[in-house]
Amino acid sequence: QVQLVESGGGLVQPGGSLRLSCATSGFTFITYEMSWYRQAPGKERELVAGIGLYPDRTNYADSVKGRFTISRDNAKKTVYLEMNNLKPEDTAMYYCNAGFRTGRFTSWGQGTQVTVSS
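Thresholds, definitions, all that
Every chain is numbered independently, its residues counted from 1 as its sequence is written. Thresholds applied to this predicted model are a pLDDT of at least 70 for local features of residues and 80 or more for the giving and counting of side-chain atom pairs; totals over whole chains, interfaces and linings are not thresholded and use all residues. Based on all heavy atoms of the structure, the side-chain values leave hydrogens and waters out of the count. Definition used for salt bridges: Asp or Glu carboxyl oxygen within 4 Å of a side-chain nitrogen of Lys or Arg. Here's how the labels work: a residue is buried when its accessible area is under 20% of the maximum for its type, exposed when over 50%, partly exposed in between, all with a 1.4 Å probe on protein chains only. Per the convention used, a helix needs a DSSP run of H or I reaching at least four residues, while a strand needs a run of E reaching at least two, with both numbered from the N terminus. What makes two residues a contact is simply this: any of their non-hydrogen atoms within 4.5 Å.

### Examining the pattern of salt bridges
Now for step 1: Tallied over the full model, the rule gives five salt bridges.
Now for step 2: Residue arginine 38 is joined to glutamate 46 by a salt bridge in which the shortest nitrogen-to-oxygen separation is 2.8 Å.
Now for step 3: On the accessibility criterion, glutamate 46 (34% relative accessible area) is partly exposed.
Now for step 4: Residue arginine 38 is joined to aspartate 90 by a salt bridge in which the shortest nitrogen-to-oxygen separation is 2.9 Å.

Right under this line is the structure:
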């Protein structure tokens, strides 16, 4: 079955950086576009970034554009989210999924918590 395992979150001060990882299995990774989502308490889940089958095709939410970078390693079947200049409003649970702008798999992973606070 499809498995999505997010990791790399933690507590960081404003202006700090984190790199999130999403290790995948149970599907042919190289044939799927991938994406990152986040959800803060009391708020709806939102799309953060997407990456196509070819890594030059990417998409970012306006709120993270210029600060976050999505990438993929097909050999490792892993998608990454490099997060720089973090802000308190970036605090959320972060999830990965297949698809470019819409989550394709109905089963989500456990997510990884990112907390930005001074």
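### Describing the environment of valine 2
Now for step 1: Position of valine 2 relative to the elements: it lies in the segment before strand S1 (3-7).
Now for step 2: Each C-alpha atom, one on valine 2 and one on threonine 106, is 9.8 Å from the other, the two residues being 104 residues apart in sequence.
Now for step 3: Excluding residues that lie within four positions of it along the chain, valine 2 makes contacts with Ser25, Gly26, Phe27 and Phe105.

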